[in-house]
Amino acid sequence: MPEGHIIHHLTQRLNLDFREGPLRVTSPQGRFAAEAAMLDGTQLDFAEARGKHLFMHFSADAPEHIIYIHLGLIGSLRFEPLDDVWGQIRLRIESDDLAANLRGPQWCRLITDAEYDVALAKIGQDPIREDASPADLWPRVHRSSRSIGSLLMDQHLFAGVGNIYRAEVLFRQNISPFIAGNELDRHEFDVIWEDLVELMRAGVPTARIDTVRPEHTPEAMGRAPRKDDHGGEVYVYRRAGMPCYICGEPIAEKKLEGRNLFWCPTCQNAPA
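In this text, all values refer to a predicted model and were calculated from it rather than measured experimentally.

## Regarding the overall build of the protein
Part 1 of the argument: Across its full length, the protein holds 8 helices and 10 strands.
Part 2 of the argument: Against the globule reference of 19 Å for 272 residues, the protein gives a C-alpha radius of gyration of 20 Å, in line with a compact fold.
Part 3 of the argument: Counting across all 272 residues of the protein, residues that qualify as buried make up 54%.

Below, the structure written as structure tokens:
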């Protein structure tokens, strides 16, 4: 599932390439045809990301004028030439020379302003957004008995944080993923948040996740670059059994609430 930096990357492209003039809005697959027809010929006012949620606000007069998208596990939004039409396209938005094609989303809905407000109320604090409030998030984390490894994946709390950022930030801050939220002190929470802000914002323009510090890059360490579908240089994610770049001990892996968790038992020393 794409993490929040990808959704912000997509909204930047939408705002850059699709806000001038009326747009052609269709649903080649047919499952969003009626909704697309309501927006066809209108203008995109702006697109925005809220964690893993993407909203497109159109200038249509109808009450339902906001497209609400969640890509889920297999969804994609691709920017392609106008003549590049393939696959099951749920939503297609065309400018004069470019198309945004949505395929396989978890959902694509047309909603009202009131429904938009309801959706926002369920989304947590997004480290990429300037209006995020870690001060509001801290009390909710600090009174929880759940582990920080679990809390970081809760989209009602940390919006946009996924499995990679969860594992990498905790490693970079030498914090065990098994420490409960109510056992964290404010400084630990603050460094987690600040590192999320730095890493996730850095990932927006490149649409990839890189978390290793300069001294641990392949060039600095004389090692081969990482080869993985997700790209990017990381410390622990999908490196189970491989040596830690800091201490040399094998990276550990276990299931936590159905997701694979990666950490270094030495650098993040706390009992599981």
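## A look at the packing of aromatic side chains
Part 1 of the argument: Going through the model one piece at a time under the given rule, you end up with 11 aromatic pairs.
Part 2 of the argument: Centroid distance Phe55 to Tyr68: 4.5 Å. Interplanar angle 15°. Geometry classified as stacked. Of this pair, Phe55 sits in strand β3 (residues 53-58) while Tyr68 is found in strand β4 (residues 66-70), placing the two residues 13 residues apart along the sequence.
Part 3 of the argument: With a relative accessible area of 0%, Phe55 lands in the buried category.
Part 4 of the argument: An aromatic cluster of three or more residues is present, and its members are Phe55, Tyr68, Trp107 and Tyr116.
Part 5 of the argument: The ring of Trp86 carries the charged tip of Arg103 above its face, separated from the ring centre by 3.5 Å.

## A word on helix α4 (residues 134-142)
Part 1 of the argument: By the burial criterion, the buried members of α4 are Leu137, Trp138 and Val141. Looking straight down α4, one finds its buried side chains confined to an arc of 110°; they lie on one side.
Part 2 of the argument: Against the buried residues of α4 lie α5 (148-151) and α7 (186-206).

How each quantity is defined
Residues numbered from 1 in each chain as written. Predicted model: local features only at pLDDT ≥ 70, side-chain atom pairs only at ≥ 80, totals over all residues. Heavy atoms only, no water. Helix = DSSP H or I, 4+ residues; strand = E, 2+ residues; numbered from the N terminus. Rg over C-alpha atoms; globule rule 2.2 N^0.38 Å. Buried < 20%, exposed > 50% of the residue type's maximum accessible area, 1.4 Å probe, protein only. Phe/Tyr/Trp six-rings, centres within 6.5 Å; stacked < 30°, edge-to-face > 60°. Lys NZ or Arg CZ within 6 Å of the ring centre and 35° of its normal. Arc of directions from axis to C-beta. Contact = heavy atoms within 4.5 Å.

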